[in-house]
Amino acid sequence: MLFTKFRLTNGLTVIHHPDPSTRLAVMNILYRVGSRDEDPQHTGFAHLFEHLMFGGSKHIPDYDSVLQLAGGDNNAFTSNDITNYYLTLPYNNLETGFWLESDRMLQLDFKQESLDIQKNVVQEEFKERYLNQPYGDLWLHLLPLAYQTHPYSWPTIGKTLSHIADATLEQVESFFYRFYCPANAILVVAGNVTEDETRRLCEKWFSDIPAGTTNPGNYPAEPKQLQARRKEIAADVPQSLIVKAYHMPGRNDEGYYGIDLFSDILGMGKSSRLYSQLVRDERIFSEIDCYITGDADPGLMVIEGKVLPGIDPDKAESRIHEVIDQALHNATEQELEKVKNKTETNIRFNDTGALNRAMKLAYCEMLGDINMAVEEATHYRQVARTPMLEAAAAVISENNCSTILYHPES
Amino acid sequence: MSLNRTIAPSTRLITSLEFPEFTRVTSNSGVPVCFVHDDNLDVLKIEFVFEAGARNQSSLFQAQAAISMLSEGTPQRTAAAIADELDFYGSYVQPRYGIDESSLFLYCLPRFLKPCLEVVFDLLTNSNYPDYELITLKQNAIQRLKINESRNSFLARRGYYAAVFGSENCYGSSVYQGVIENISRETLEQFFLSSIKGRLRQVYVSGNTTASEPEILGFCNGFSVVQKSEMVIPTLQSDQPYHYIERKQSVQNAIRIGRKTINRKDSDFRKLQFLNLLLGGYFGSRLMTNIREEKGLTYGIHSAIETYRDTASFYIETEINKELTHVGRQEIENELKKLQELPIGAEELETARNYMTGGFIRSFDGVFAITDRIKIILDNDLPLTYYSEFIEIIQGITPLELQDLANKYLRFDGMVTIVAGQE
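Figured I'd write up the structure that's included with this text.

Quick notes on the rules
Residues numbered from 1 in each chain as written. Chains lettered and ligands numbered in written order. Predicted model: local features only at pLDDT ≥ 70, side-chain atom pairs only at ≥ 80, totals over all residues. Heavy atoms only, no water. Helix = DSSP H or I, 4+ residues; strand = E, 2+ residues; numbered from the N terminus. Rg over C-alpha atoms; globule rule 2.2 N^0.38 Å. Buried < 20%, exposed > 50% of the residue type's maximum accessible area, 1.4 Å probe, protein only. Contact = heavy atoms within 4.5 Å. Buried area = accessible area lost by both parts, 1.4 Å probe. Nonpolar A, V, L, I, M, F, W, Y, C, P; charged D, E, K, R; others polar. Arc of directions from axis to C-beta. Pairing = 2+ DSSP bridges. Axes fitted to C-alpha atoms, helices over the stretch in contact; angles between N-to-C directions. Expected span 1.5 Å × (residues − 1). Polar contact = N/O pair within 3.5 Å; in protein donor to acceptor, adjacent residues only side chain to side chain. Phe/Tyr/Trp six-rings, centres within 6.5 Å; stacked < 30°, edge-to-face > 60°. Parallel < 35°, antiparallel > 145°, perpendicular 65-115°, else oblique. Salt bridge = Lys/Arg side-chain N within 4 Å of Asp/Glu carboxyl O. Disulfide = S-S within 2.5 Å.

**Notes on the overall build of chain B**
A tally of regular secondary structure across chain B gives 15 helices and 13 strands. Relative to a compact globule of 423 residues, whose C-alpha radius of gyration would be 22 Å, chain B shows 24 Å and is just as compact. With the C-alpha coordinates of chain B rotated into their principal frame, the extents come out at 65 × 60 × 45 Å. By the burial criterion, 57% of the 423 residues in chain B qualify as buried.

**Points about the interface of chain A and chain B**
On the chain B side, the residues contacting the 73 residues of chain A number 73 residues. Roughly 6400 Å² is buried in total at the junction of chain A and chain B, and carbon and sulfur atoms are behind 53% of that figure. Elements that contribute at least two residues to the side of chain A that touches chain B include exactly α2 (63-69), β5 (83-90), α3 (94-106), α4 (112-131), α8 (195-206), α10 (273-281), β9 (285-292) and α12 (333-350) of chain A. Residues that form the side of chain A that touches chain B fall into these classes: 22 nonpolar, 25 polar and 26 charged.

**A few points about helix α8 (residues 213-220) of chain B**
Residue and element names in this part refer to chain B. Along α8, the residues classified as buried are Ile216, Leu217, Phe219 and Cys220. On an axial view of α8, the arc spanned by its buried residues comes to 155 degrees, and they lie on one face. Against the buried residues of α8 lie β1 (23-26), β2 (32-37), β3 (44-50), α3 (113-126), β6 (199-200) and β7 (202-207).

**A word on the sheet that holds strand β7 (residues 229-235) of chain A**
Residue and element names in this part refer to chain A. What the five strands build is an open sheet, ordered β7-β11-β8-β10-β9; its pairing is mixed. On the outer flanks of this sheet lie β7 and β9, each paired with one strand and no other. When the angles between neighbouring strand axes are averaged without regard to direction, this sheet yields 10 degrees. In terms of strand pairing, strand β8 (residues 241-247) meets strand β10 (residues 300-307) through seven bridges, oriented antiparallel. Considered in β10, the bridge of Ile242 is made with Gly305. This element, α10, spans β9 and β10 of the sheet and lies at about 165 degrees to β9.

**Quick look at α3 of chain B**
When the terminal C-alpha atoms of α3 of chain B are compared, their 20 Å separation across 14 residues agrees well with the 20 Å that a helix rising 1.5 Å per residue should span. Taking burial as the measure, the 14 residues of α3 of chain B include 10 buried ones, the bulk of the element.

**Considering the side chain of Asp87 of chain B**
For Asp87 of chain B, the location among the structural elements is in helix α2 (residues 79-88). A distance of 2.6 Å separates polar atoms of two side chains, one belonging to Asp87 of chain B and the other to Lys342 of chain A. Not counting chain neighbours up to four residues away, the residues in contact with Asp87 of chain B comprise Met268, Gly269, Lys270, Ser271, Lys338 and Lys342 of chain A.

**Quick word on the packing of aromatic side chains**
Counted under the stated rule, the structure contains 45 aromatic pairs over all chains. Residues Tyr256 of chain A and Tyr257 of chain A carry aromatic rings whose centres are separated by 5.7 Å and whose planes lie at 85 degrees to one another, so their mutual orientation is edge-to-face. Owing to a relative accessible area of 5%, Tyr256 of chain A belongs among the buried residues under this scheme. With relative accessibility at 14%, the residue Tyr257 of chain A sits in the buried group. Each ring, one from Tyr89 of chain B and one from Phe112 of chain B, has its centre 5.1 Å from the other, and the planes form 45 degrees; the classification is tilted. In this pair, Tyr89 of chain B is assigned in the loop between α2 and β4 (92-96) and Phe112 of chain B in the loop between β5 (102-108) and α3, connecting sequence segments 23 residues apart. Note on Phe112 of chain B: relative accessible area 14%, which makes it buried.

**A few points about the sheet that holds strand β2 (residues 13-18) of chain A**
The mixed open sheet is built from six strands, whose spatial order is β1-β2-β6-β3-β5-β4 (chain A). Each end of this open sheet is capped by a strand with a single partner; those strands are β1 (4-7) and β4 (73-78) of chain A. Within the sheet, the average angular offset between the axes of one strand and its neighbour, ignoring direction, is 15 degrees. With six bridges connecting them, β4 of chain A and β5 of chain A associate as antiparallel partners. Residue pairing across strands places Thr78 of chain A opposite Thr83 of chain A, the latter belonging to β5 of chain A. Packing against the sheet, α3 of chain A makes contact with β3 (24-31), β5 and β6 (185-191) of chain A, and its axis sits at approximately 15 degrees to β3 of chain A. Lying over the sheet, helix α12 (residues 346-363) of chain B contacts β3, β4 and β5 of chain A, oriented at roughly 95 degrees with respect to β5 of chain A.

**With respect to the packing of helix α11 (residues 325-341) of chain B against helix α15 (residues 399-409) of chain B**
All names here are of chain B. Relative to each other, α11 and α15 sit at 130 degrees, their axes nearing to 7 Å. Judged by the angle between their axes, α11 and α15 are oblique. On the side of α11, the interface is formed by Leu339, Gln340 and Glu341, while α15 contributes Leu402, Gln403, Ala406 and Asn407. Its residues assigned to classes, the contact of α11 with α15 shows three nonpolar, three polar and one charged.

**Topic: the pairing of strand β13 (residues 416-421) of chain B**
Residue and element names in this part refer to chain B. Counted residue by residue, β13 has six buried out of six residues, so it is predominantly covered. Residue alternation in β13 divides its side chains into two sets, Val416, Ile418 and Ala420 and Thr417, Val419 and Gly421, and both sets are buried. In this structure, strand β9 (residues 242-246) lies alongside β13, joined through five bridges in parallel fashion. From the neighbouring strand, Glu246 faces β13, where its bridge partner is Gly421. Strand direction decides the pairing type here: strand β10 (residues 252-260) and β13, joined by five bridges, are antiparallel. In the sheet register, Ala254 faces β13, and the bridge partner there is Ala420.

**Re the pairing of β10 of chain B**
Residues and elements named next belong to chain B. Among the nine residues of β10, seven are classified as buried, and the element is accordingly described as predominantly covered. Here nine bridges tie β10 to strand β12 (residues 312-321), and the two strands are oriented antiparallel to one another. Counterpart to Gly258 in the pairing with β12 is Tyr315.

**Some words on the pattern of salt bridges**
Residues and elements named next belong to chain B. According to the stated counting rule, one finds 54 salt bridges over all chains in the structure shown. Note that Asp379 is salt-bridged to Lys375, the shortest N-O span being 3.7 Å. You can see Asp379 and its partner Lys375 sitting in helix α13 (residues 367-379), four residues apart, about one turn around the helix. This pair shows no difference in class: Asp379 is buried, exactly as Lys375 is. Between Asp413 and Arg411 there is a salt bridge whose closest N-O contact spans 3.8 Å. On the basis of relative accessibility, which here comes to 64%, the residue Asp413 falls in the exposed class. By sharing partners, the salt bridges in this structure join Glu47, Glu51, Arg96, Glu101, Arg201, Arg309, Lys375 and Asp379 into a single network.

**Observations regarding the state of the cysteines**
What is meant by a disulfide is a covalent connection between two cysteines, made through their sulfur atoms. All names here are of chain A. If you walk through the whole model with that rule in mind, you get zero disulfides over all chains. Unpaired in terms of disulfides, Cys202 finds its nearest cysteine sulfur in Cys181, a separation of 16 Å. When its relative accessible area of 0% is taken as the criterion, Cys202 is described as buried.

**Topic: unusual backbone geometry**
Residue and element names in this part refer to chain B. Backbone geometry at Phe61 places phi at a positive 75 degrees, although glycine is not the residue there. For Phe61, the position within the fold is in the loop between β3 and α1 (62-68). A relative accessible area of 6% means that Phe61 is categorised as buried. Positive phi values are uncommon outside glycine, yet Tyr129 reaches one of about 50 degrees. Mapped onto the fold, Tyr129 is located in the loop between α3 and α4 (131-148). Relative accessible area serves as the criterion here: at 0%, Tyr129 is assigned to the buried category.

**Quick word on the environment of Gly267 of chain A**
All names here are of chain A. Mapped onto the elements, Gly267 comes out in helix α9 (residues 256-267). Along the sequence, Gly267 and Ile288 sit 21 residues apart, while their C-alpha atoms lie 7.2 Å from each other. With near-sequence residues (within four places) excluded, Gly267 lies in contact with Ser272, Asp289 and Cys290.

Put into structure tokens, the structure is as follows:
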């Protein structure tokens, strides 16, 4: 993965990643703003704002049709930590992407009408994904339980529909000026484009945009959890869902890779400890999973399983504890090598295509080490069994855990 | 000279499409294998295609269960041993059940191809459906079904296929709890013997394939080739235009509207695909523009043509504001009528054309996307010029033609409407 990085005078970080094998050019713009930057009384804002970025900019009334006319496509997403926009174009029409992205970084066209419609769209998204699905609102319950201080305490969609409904145009404008500026953005230009061309287009389209400030990214640290937390939710669901979430190191912290691999030993695939014992052999769960949230700041390692009818959820939860304890003591070198091989396969498939690599480069730069994009596989390979188990033992303790039992109403 | 941001950069449409290279080889036993090569990609994705879809089954759920259980046990290897072995090599084996055909996908690192193929050979030759694993499959499938039945989108979809095709054939039938409970091991073994064991229809290999050719061909020599069954399955659309599936405590409704339509064999198909794009096939479509971006009634609405071997369906799908569902339904009907009655404007036509033409660059970008296109070409006996012709068709289509197509294929009065939720 070849790349070069440079910075414009106004602080815009630019990364060029060539790929002459494609007929596409790609632009990925990452803004250092996510739901962790929101006011706890006005949540869901970063994501709502993402929608508004398509409502027209100073010189361009409609983003999408301009891009489509140039044969391009685009999308965006918001997470706890970032808002990420990406587009692909036939390589010869790349400059259209520069026109579009620079204009909306320069100045969004703030319209009440746009805001009103997108508030409705986002509220329908909230309903579709979180309210109209079985167990859909799980994270609305889990996050405030696990996080009592840090702004990971609410999901990206927002705490409630009303927070979205109450957003005002003034808040939109101030959000834009605070976060959507060159000093707070990382632009990756990838695909069938030369470095010279990238530099030329960046100078032409982005250099006159006022710098703004970089998000310092200081968030109140979540104090160490000292006691187990539990919550029960009764709902119209066919079976009980047990969710256990443990605080773990952040993306750049010691122990992150080890915890990731340990979570794979526990729950990735049919040979994993939790699946093979509790789904296959003992038929306690109809499904079980173990994964990490992968946040920049300290995130969560999560185990979630659906209990088969007729099984006592308390017994099911005890079995989870027992399986984890065993793994903490006797996870083998072979298991570790297995999950390293799986991880290698995943990384190779995920690194396919200029767009995927562009997103990865932007994200690693945001975390503070762009070389991680290339070295990630090596970091996983270097994890040794004993330090991994020590890191896992520190994380997997009931005092560090938030548990939710989401069960049928009767 | 300061920058003038009011002037759009000039653009040019790339309309040329050279079909990428790929290799077709036949094993000594007659199994056709397609290799799509990319030196830079040190992974392999292999698809083994069987003539083993629902159309080949003799009872409900037979094909799906038999395909799902392909890694659950052979005389030589237990389910646990299979999982341990495949996972150790960092590989993923995913069965995919379909209505017309089924597949097994193998994703692996090239250096582990040989041991992975040994396991896969065992699975495809000797799977024996152990009782214990079958009970587990049934229990877990029933739980998944119960969870799905509390999703409006699932209920709407299930109701839709029954209404459009009839519930007594492989296109429109659904699996209910009783069927899952009652399926027997013998039924699965029967299907394995009749449709999977020792036979393949086609194999696709993509990624860093160079070193893999001898291994794969050697593997395929253990299988005989089977041809596509061209049997046409009779279907019957419901004459009831509106179906309501109530689910109490819904906060949103799911809608599906559609009908049977033409598939790739028909000369109008590509034109209809373009018309579908205009109606609801991309973010700038009529449906998205009206129902999401102007009225804010939904997070997403789209239309699609789903093709099968001997039929196809056209549908519009959305999850929509509960209180204003009737508005959404009326607007969908209005949009269908507008396509028939009003010629499309030049700007909208050019935008959609350019978007779709640019889309071909995307859909031919990278070895996995290319393999998907090759599969469509080979499976449907289409010429290699199919997609470059497609671009010509899109470039040449007129507003009048689009209206005629809309009148022929998108009339609301030939469609069924399914609403799941609380209306």
